[in-house]
Number of protein chains: 4
Amino acid sequence: MQLGLVGLGRMGGNMRERLRTAGHEVVGYDPNPDLADVASLAEMVEKLATPRAVWIMVPAGVTEQTVDELAALLSDGDIIIDGGNSRYSDDLPRSERLNAVGVGYIDVGVSGGVWGRENGYALMVGGSEEHVERLMPIFESLKPAGEFGFVHAGPVGAGHYAKMVHNGIEYGLMHAYAEGYELLCKSELVTNVPGVFKSWREGTVVRSWLLDLLDIALEEDPELTSLRGYADDTGEGRWTVEEAIRLAVPMNVIAASLFARFASRQDDSPAMKAIAALRQQFGGHAIHKN
Amino acid sequence: MQLGLVGLGRMGGNMRERLRTAGHEVVGYDPNPDLADVASLAEMVEKLATPRAVWIMVPAGVTEQTVDELAALLSDGDIIIDGGNSRYSDDLPRSERLNAVGVGYIDVGVSGGVWGRENGYALMVGGSEEHVERLMPIFESLKPAGEFGFVHAGPVGAGHYAKMVHNGIEYGLMHAYAEGYELLCKSELVTNVPGVFKSWREGTVVRSWLLDLLDIALEEDPELTSLRGYADDTGEGRWTVEEAIRLAVPMNVIAASLFARFASRQDDSPAMKAIAALRQQFGGHAIHKN
Amino acid sequence: MQLGLVGLGRMGGNMRERLRTAGHEVVGYDPNPDLADVASLAEMVEKLATPRAVWIMVPAGVTEQTVDELAALLSDGDIIIDGGNSRYSDDLPRSERLNAVGVGYIDVGVSGGVWGRENGYALMVGGSEEHVERLMPIFESLKPAGEFGFVHAGPVGAGHYAKMVHNGIEYGLMHAYAEGYELLCKSELVTNVPGVFKSWREGTVVRSWLLDLLDIALEEDPELTSLRGYADDTGEGRWTVEEAIRLAVPMNVIAASLFARFASRQDDSPAMKAIAALRQQFGGHAIHKN
Amino acid sequence: MQLGLVGLGRMGGNMRERLRTAGHEVVGYDPNPDLADVASLAEMVEKLATPRAVWIMVPAGVTEQTVDELAALLSDGDIIIDGGNSRYSDDLPRSERLNAVGVGYIDVGVSGGVWGRENGYALMVGGSEEHVERLMPIFESLKPAGEFGFVHAGPVGAGHYAKMVHNGIEYGLMHAYAEGYELLCKSELVTNVPGVFKSWREGTVVRSWLLDLLDIALEEDPELTSLRGYADDTGEGRWTVEEAIRLAVPMNVIAASLFARFASRQDDSPAMKAIAALRQQFGGHAIHKN
């Protein structure tokens, strides 16, 4: 089927390839003319037959504006799909705004990263039965080949919600491996840490895709000497913990994973300065001066 | 090759089958005569040609005693392999005791649970090059078919150490999924929680064997209504955190997973009683009486 | 000086007493006529000479509405003081709305609970120098007698912000004692747990007002048998952790204290059900049926 | 009464002063002749009339050896008091060894740090009724003046146990303040962070001796610029968490405080390197190179 695709960066560009390979007609727009099929959003919309479907794959910061520009160009019965990392709570207001001008809205959480073009993208979809039905040919081509990798998770917002939780879980999984890695590194007994991780790839309870990736990383750099222990966070982890707080869900593991990333970006910890100050006050404990 | 096997419960029994299928000659002993091939440890030892190898697969509580009984029956050049869930710190003293009477010692962390007979058992091995070399035919048959699932992790103790960390990581992984599950259950937006988990099995960053199992469990019982939120712990999780403390490794995630299991087994929390008492004292906050 | 006081519940009522004892003229309004000095907000405003100052001490849920009703009655140069548990982020918009009609705004975090009437209330104040200056006679009378208990923390919002952090810290402090209490209760060695807490009230590093309260509670009920381990949370704890997330501050301790309260209110834990389901799947571990 | 005192460092030296001021006859021994009253343990023992009482106040590492040397010098009916930071689990074996030669044993957890000489030392005591009774004149003089600061917590070991938990709680309390401090420092609203802490010293729920000390520290150095965020840990915090693990007590707060100290001493975090490696693998996320 025909699809407009806005945003042709690492994710959007690869998705265009995968969709074309599957036989779809994709009209792609990107502000970078080297990537774009058309010169403007208006030209993209013009090239699509009604009822149109336009998939947005842009950085979270420009999603709202892109939606509004598109809304002004689209007509009654068209659908906008947001496949970016929007916060789920933005979906319903956006949907209502679009519905008011006759445009439908679907939110899709997309997982797969740089591996998606080849393996397929896992899709978590929020929207009405009718809208999701209409987009199924696109979803079918984007998703992985097997029986998994696609879910219609609920009404508008549910797709980004599921993706948010997916990423929160991802934080926790990664940190569990990371803590185990550090302990093995510190152990006097285990002399072959990368070998231990490699061995776990089959037959163990902890086997996973993330473990496979860690093995690959350790093969390239067995002691990870080339890397700083520094990690950014990209929104979904924070939103997951905030949502847990809103719904009174105990979330020690994912929160701890998030806090560890915060700490990894600090040169010095104000909290630990306060600890040092207190220890100096009550016990005359040695301190480390700046 | 020939192998003595002590302990023919769920794990040992399945391992005997897998080894026999691979062509090894296994002489199995178990206190339960319905399971045993021989009537006593002595008879088992008698049936093995020197230099012998005897694999122990018994509950942690009786390992020490089994090792001692065997040591009295074995001769110079024989090897004992402990495949049970011993604490790594028991391995070196045990090994030294055996070495003093000419018997070698290998420790093996075994993963795979009830699925191991068919898929193979992941093996993490500690011991000398020479001893491990001698047992390789057995290890080769027990491990999964592919290139993974076996590691010689280091000297005596390293096998159980690696298995301990494996289990610690397992605690953290499980709890990350569990927290995500609870959040999805509480969400007003996601109407298809089991479907979300199922979808994650392909194309996502969080795909893993544990996720596959959670999907299977949710297929059987979509809201897990048949289960109590109660979990035992089996030693390795505690040892992992204790070892982190010994080596000054920050381990918030795995520790939180362990503590959540402790809490799951409490009818009421003394700590939270203290919180309730304090709130009543300073704020006249409503309390819940027993 | 003259002060209008809206809300004469446990906090507001006691504050009226403390202010009158100090010689101020307080005109109190409350929807409950048994508590009120006047029959309406309008009557209260009428009885105050301009420029007026009106202190609001109402539940967070009705603060906004109370502010709006008052704003309609007040005149240029009057000041509203919000001493309730508002979220700090509501202060600036509220202040701007009031400023637009010539009314000033001060936010005050108030601590002291049921003990405040006698001991004084700790006050954390946000607002302009000029407004705070004008209210100083009131602040002086409400605060404790000594050199502490009052701070002008910053511009509008800073008072509620400081109070929010105060309450977040309070969560962590309480939980530290609570964990220690539980450990002592479980110990086979310590036979006099209440005596240990009582002894800590002098000479130790952990002495505090909360410890004094815990001692009082344990004197009344040495094993806290009359209480359920159940604790509500009142907003500030959640806001503190949310703010930590916004500002990328690692906050493991306060977050864990908050999560423990969430868990204390659950009959069964969905997360632990997922753990039980996983353990059953991979290990055939015994589960606890509902 | 007469008391032998072994170890005249910061703690022991001050205790000798406090005891002498109270009228006791203290014979102090220390390997440093500048501090000692006598030249040897033997001379100290000789100067004491039977039945003797000898208080040991030495670093944990030399306690066992000191006890043994003393045991060889003492006679039937004498008592050894260990006021150092021994692990509680060492007390019972030590006591049994001493009892076998007719010497009694009391363990005392001592709190008070550099402030104890003036304010008194909080004492948590483990031992038999009879032995504790005999030492009461000494305890009375060491403890603070008021009704608190002393507890006979239980049999041998209970004193060090109570002190261990005291220190565990201390870790949690300090970290709660520290997290609040960091959040206030990061806030854009609060312009007077030291003033906020100072104000909390009266009328608030969070007032405590530790808060007083933090205020003093902030008065000297409002942004703690002179300190590194680095903190050692001294054993009791680790033992507290290990004991929680042994007794299946959830201890998220104190454990998190302990882990934060571990992290404060790392130049780079192996765990966070693993996180960075994983993020690079699956998402092509930017990493920070060494």
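Here, the structure is the one placed above.
Our subject in this report is the structure included herewith. Just so you know, these numbers come straight off a predicted model, no measurement behind them.

Criteria and cut-off values
- Residues numbered from 1 in each chain as written.
- Chains lettered and ligands numbered in written order.
- Predicted model: local features only at pLDDT ≥ 70, side-chain atom pairs only at ≥ 80, totals over all residues.
- Heavy atoms only, no water.
- Helix = DSSP H or I, 4+ residues; strand = E, 2+ residues; numbered from the N terminus.
- Buried < 20%, exposed > 50% of the residue type's maximum accessible area, 1.4 Å probe, protein only.
- Contact = heavy atoms within 4.5 Å.
- Areas by Shrake-Rupley, 256 points an atom, 1.4 Å probe, with all protein chains shown as cover.
- Lys, Arg positive; Asp, Glu negative; His and termini not counted.
- Charge placed at Lys NZ, Arg CZ, Asp CG, Glu CD.
- Buried area = accessible area lost by both parts, 1.4 Å probe.
- Salt bridge = Lys/Arg side-chain N within 4 Å of Asp/Glu carboxyl O.
- Polar contact = N/O pair within 3.5 Å; in protein donor to acceptor, adjacent residues only side chain to side chain.
- Nonpolar A, V, L, I, M, F, W, Y, C, P; charged D, E, K, R; others polar.
- Pairing = 2+ DSSP bridges.
- Axes fitted to C-alpha atoms, helices over the stretch in contact; angles between N-to-C directions.
- Least-squares fit on C-alpha atoms with pLDDT ≥ 70 in both.

A few words now on the overall build of chain A. Counting its secondary structure elements, chain A contains 12 helices and 7 strands. With the C-alpha coordinates aligned to their principal axes, the bounding extent of chain A is approximately 75 × 45 × 40 Å. For chain A, the proportion of its 290 residues judged to be buried stands at 65%. Long-range pairs, those at least 24 residues apart, make up 63% of the contacts in chain A with a sequence separation of at least 6. For chain A, the computed accessible surface area is about 9900 Å², with 50% contributed by carbon and sulfur atoms. Looking at charge distribution, chain A has the averaged site of its 25 positive side-chain charges lying 5 Å from that of its 41 negative ones.

So, about the interface of chain B and chain A. Counting residues at the interface gives 73 residues for chain B, matched by 73 residues for chain A. Note on chain B versus chain A: buried area summed over both sides is about 6000 Å², and carbon and sulfur give 72% of it. The largest contributions to the chain B side of the interface with chain A come from Phe148, Leu183 and Val205 of chain B, which together make up 12% of the buried area. One can count 2 salt bridges joining chain B with chain A. Between Glu188 of chain A and Arg246 of chain B there is a salt bridge, with its nearest N and O atoms 3.1 Å apart. One can count 20 residue pairs in polar contact (both at pLDDT 80 or more) joining chain B with chain A. At the level of secondary structure, the elements contributing two or more residues to the side of chain B that touches chain A comprise β6 (122-126), β7 (150-154), α7 (158-186), α8 (193-199), α9 (209-220), α10 (236-246) and α11 (252-264) of chain B. Take the side of chain B that touches chain A: its biggest share by element is 19 residues, from α7 of chain B. Split into classes, the residues belonging to the side of chain B that touches chain A amount to 38 nonpolar, 23 polar and 12 charged.

All names here are of chain B. The sheet built from 7 strands is open, its strands ordered β2-β1-β3-β4-β5-β6-β7 with mixed pairing. Of all the strands in the sheet, the pair left with one neighbour each is β2 (25-29) and β7. Along the sheet, successive strands turn relative to each other by an average axial angle of 25°, direction set aside. Across 3 bridges, strand β1 (residues 2-6) lies against strand β3 (residues 53-56) in parallel orientation. Paired with Gly4 across the bridge in β3 is Val54. Packing against the sheet, helix α4 (residues 91-99) makes contact with β4 (79-82) and β5 (104-111), and its axis sits at approximately 145° to β5.

Turning next to the relation of the copies chain B and chain A. Least-squares fitting of chain B to chain A yields an RMSD of 0.0 Å, with the transformation described by 0.0 Å of translation along the axis and a rotation of 180°. Each copy turns onto its partner about a two-fold axis. Minimal C-alpha distance to the rotation axis in chain B is attained by Ser208 of chain B, lying at 1.9 Å. The overlap is high: 100% of the interface residues of chain B also sit at the interface in chain A, so the same surface is used on both sides.

A few words now on the side chain of Ser111 of chain D. All names here are of chain D. Residue position: Ser111 is located in strand β5 (residues 104-111). Judged by relative accessible area, which is 3%, Ser111 ranks as buried. A distance of 3.4 Å separates polar atoms of two side chains, one belonging to Ser111 and the other to His166.

Attention now goes to the environment of Gly109 of chain C. As for its position among the elements, Gly109 of chain C is in strand β5 (residues 104-111). Not counting residues within four places of it along the chain, the set of residues in contact with Gly109 of chain C comprises Ala122, Leu123, Met124, Gly159, His160 and Lys163 of chain C.

Let us look at the relation of the copies chain A and chain C. The transform that puts chain A on chain C rotates by 180° and translates by 0.0 Å along the axis, for an RMSD of 0.0 Å. Of the residues that chain A buries at the interface, 100% are likewise interface residues in chain C, meaning the two copies contact each other through the same surface.

Below, the discussion takes up the interface of chain A and chain C. Size of an interface: often given as the accessible area lost when the parts come together. Taken together, the 21 residues of chain A in the interface contact 21 residues of chain C. Summed over both partners, the interface of chain A with chain C buries about 1600 Å², with 73% contributed by carbon and sulfur atoms. Together, Ile245, Pro250 and Phe259 of chain A form the three largest contributors to the area buried by chain A at its contact with chain C, with a combined 39%. Our count for the chain A to chain C interface comes out at 0 salt bridges. Applying the counting rule to chain A against chain C returns 4 residue pairs in polar contact (both at pLDDT 80 or more).

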